[in-house]
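Residue-level structure breakdown
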Amino acid sequence: MTTVGTELPPASGAWREGDDPGRRRFLRLPGPLRLEAGGELPDVRIAYETWGELNADASNAVLVLHALTGDSHVSGPAGDGHATAGWWDTLVGPGRALDPAHWFVVAPNVVGGCQGSTGPSSPGPDGRPWGSRFPFLTVRDSVAAETALADELGVRRWACVVGGSMGGMRALEWAATEPDRVDRLFLLACPAATTADQIGWVAPQLAAIRGDAGWRGGDYYDAPAGQGPHLGLGVARRMAHLSYRSAFELETRFGRKAQPGEDPWSGGRFAVESYLDHHAAKLVRRFDAGSYVRLTEMMNSHDVGRGRGGVPGGLARVRARTLVAGISSDRLYPVEQQAELADGIPGSGPVRLVESPYGHDGFLVEAATVGALLGELLAEPVSSG
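Overview of the structure. (Residues numbered from 1 in each chain as written. Predicted model: local features only at pLDDT ≥ 70, side-chain atom pairs only at ≥ 80, totals over all residues. Heavy atoms only, no water.)

Quick word on empty space enclosed by the protein
What counts is decided by this rule: We place a 1 Å grid over just the protein atoms. Points where a 1.4 Å probe fits but has no way out form a cavity, open points with protein on both sides within 12 Å along at least 5 of 7 lines form a pocket, and any residue with an atom within 4 Å of a point lines it. Grid points are joined across faces, edges and corners, and a volume is the space filled by probe spheres set on the points. Only Asp, Glu, Lys and Arg are considered charged in this grouping, and only Ala, Val, Leu, Ile, Met, Phe, Trp, Tyr, Cys and Pro are considered nonpolar; every other residue, Gly among them, is considered polar.
Counting across every chain of the model gives 1 cavity of 30 Å³ or more. Taken as a whole, the largest cavity spans an internal volume of roughly 40 Å³. In terms of lining residues, the largest cavity is bounded by Pro10, Ala11, Ser12, Gly13, Tyr220, Pro229, His230, Leu233, Val284, Phe287 and Ala289. Here the residues of the lining of the largest cavity sort into 8 nonpolar, 3 polar and no charged.

Spelled out as structure tokens, the structure:
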């Protein structure tokens with residue numbers, strides 16, 4: 001298998017205590033996080049990054065929420081503390097839709113994640129990594145934690161909440177759970193509720209991780225390099241990446257070509273297999289298998305209508321001026337699901353279609369179109385509420 005780098009992969013690619021914080025700032029919640037499924041998570045820390053300054057009347061704050069394997073590093077280069085460059089660098093910066101000269105941009109690492117916020121790799125009350133003891137979380141739990149962050153930053157209302165994929169689930173829950181605290185809402189490539197098909201997509205991913213001998217029931221953080229659940233996490237990433245791209249793109253880009261220097265008829269790989277191997281090898285060095293499991297379960301729990309009279313009741317709670325966009329070739333969260341959001345949210349216009357051959361990942365790849373849509377929403381007037 002082709003790998004990134006020559007060293008054995010670490011037991012976990014998580015940011016750990018003592019690592020360089022990079023641009024991260026940290027907030028500890030003032031009390032335990034009470035969980036929707038029951039129980040609580042004590043001593044919760046949120047890692048976050050900001051760009052720009054909060055203005056005098058605190059009216060320019062924008063919350064940007066990341067997808068499954070994202071983090072707080074929305075913008076900026078790779079470097080000390082940050083394994084990769086900003087994942088939405090094209091949206092945040094001078095002259096871009098979220099120009100720090102005008103907007104105060106806040107990006108937290110989700111609770112349950114692995115890049116500074118409390119998650120399975122973090123120390124538990126006894127100082128040992130939480131591991132298998134880390135509790136089940138829902139999207140609403142992440143909103144509860146981020147509400148405390150907003151309070152600490154002095155943000156009573158977000159000028160806009162932005163998210164795609166899992167970040168879109170979180171953004172939608174923000175607007176439904178705290179409707180008086182969200183002025184505008186930008187939803188990309190996400191559903192009102194996770195479907196059986198989407199739960200089915202991830203079931204073998206979770207099975208691959210849990211079936212890895214290095215998983216050790218979720219308590220692998222002290223394992224030597226090369227003996228964590230990197231094989232299972234790599235398989236999960238390969239499966240996921242197929243759902244993130246379109247069949248058209250893969251066929252156009254790779255077809256039936258062999259990987260250069262290899263013969264698939266004698267143990268070698270097709271080019272598309274090498275491509276998936278490459279993405280798997282990258283992820284295991286920057287992400288944590290425990291967080292992958294817990295956050296995938298969190299996505300499976302997503303249902304804006306739970307306890308609210310079903311999806312129509314959940315969407316009706318949203319008061320924000322809303323723009324919903326879908327990716328034309330998305331086979332993970334197809335456009336029909338974004339149409340359901342647009343039809344059900346009172347302050348939304350019709351769903352906007354982003355034409356792209358790149359599948360679900362088009363919400364990240366099609367930067368110019370996404371930036372233009374966000375700029376359009378930010379120019380919309382909102383009620384003074």
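A look at the nonpolar core
To keep things clear, this is the line we draw: We call a set of buried Ala, Val, Leu, Ile, Met, Phe, Trp, Tyr and Cys residues a nonpolar core when their side-chain atoms join them within 4.5 Å. Using a 1.4 Å probe on the protein chains alone, a residue whose accessible area is under 20% of its type maximum counts as buried, one over 50% counts as exposed, and one in between counts as partly exposed. Contact between two residues is taken to exist if any of their heavy atoms lie within 4.5 Å; hydrogens are not considered.
With 75 residues, the main nonpolar core has Trp158, Val161, Trp174, Leu187, Tyr292 and Leu341 as its most contacted residues. The contacts of Leu341, once residues within four sequence positions are left out, are Leu172, Leu187, Cys190, Pro191, Ala192, Leu315 and Val324.

Considerations on the layout of surface pockets
Definition in use: The numbering of helices and of strands both runs from the N terminus, where a helix is a DSSP run of H or I of at least 4 residues and a strand a run of E of at least 2.
Roughly 980 Å³ of internal volume is contained in the largest pocket. Surrounding the largest pocket, 49 residues form its lining, Thr69, Gly70, Arg237, Arg286 and Leu364 being those nearest its centre. At the level of elements, helix H3 (196-210), helix H4 (230-244), helix H6 (271-283), helix H7 (289-300) and helix H10 (362-365) are the ones that each hand at least two residues to the lining of the largest pocket. Split into classes, the residues belonging to the lining of the largest pocket amount to 21 nonpolar, 18 polar and 10 charged.

Quick word on the pattern of salt bridges
Worth spelling out the cut-off: Salt bridges are defined by distance alone: a side-chain nitrogen of Lys or Arg within 4 Å of a carboxyl oxygen of Asp or Glu.
A complete count under the given rule lists 24 salt bridges for this structure. Note that Arg23 and Glu49 form a salt bridge whose closest N and O atoms lie 3.0 Å from each other. Taken together, the positions of Arg23 in the segment before strand S1 (25-28) and Glu49 in strand S4 (residues 45-51) put the pair 26 residues apart, joining distant regions of the chain. For Glu49, a relative accessible area of 0% gives the class buried. Put simply, Arg269 and Asp277 hold a salt bridge, and the shortest N to O gap is 2.8 Å. In this structure, Arg269 and Asp277 share a single accessibility class: buried. Taken together, the shared-partner salt bridges connect Glu36, Arg140, Glu173, Arg306 and Arg308 into one network.

Describing helix H2 (residues 166-177)
Note the cut-off: One less than the residue count of a helix, multiplied by 1.5 Å, gives the span that helix is expected to have.
An ideal rise of 1.5 Å per residue puts 16 Å on 12 residues; H2 measures up with 16 Å between its terminal C-alpha atoms. Within H2, 11 of the 12 residues are buried, which leaves the element mostly enclosed by the surrounding structure. Here H2 has its buried residues at Met166, Gly167, Gly168, Met169, Arg170, Ala171, Leu172, Glu173, Trp174, Ala175 and Ala176.

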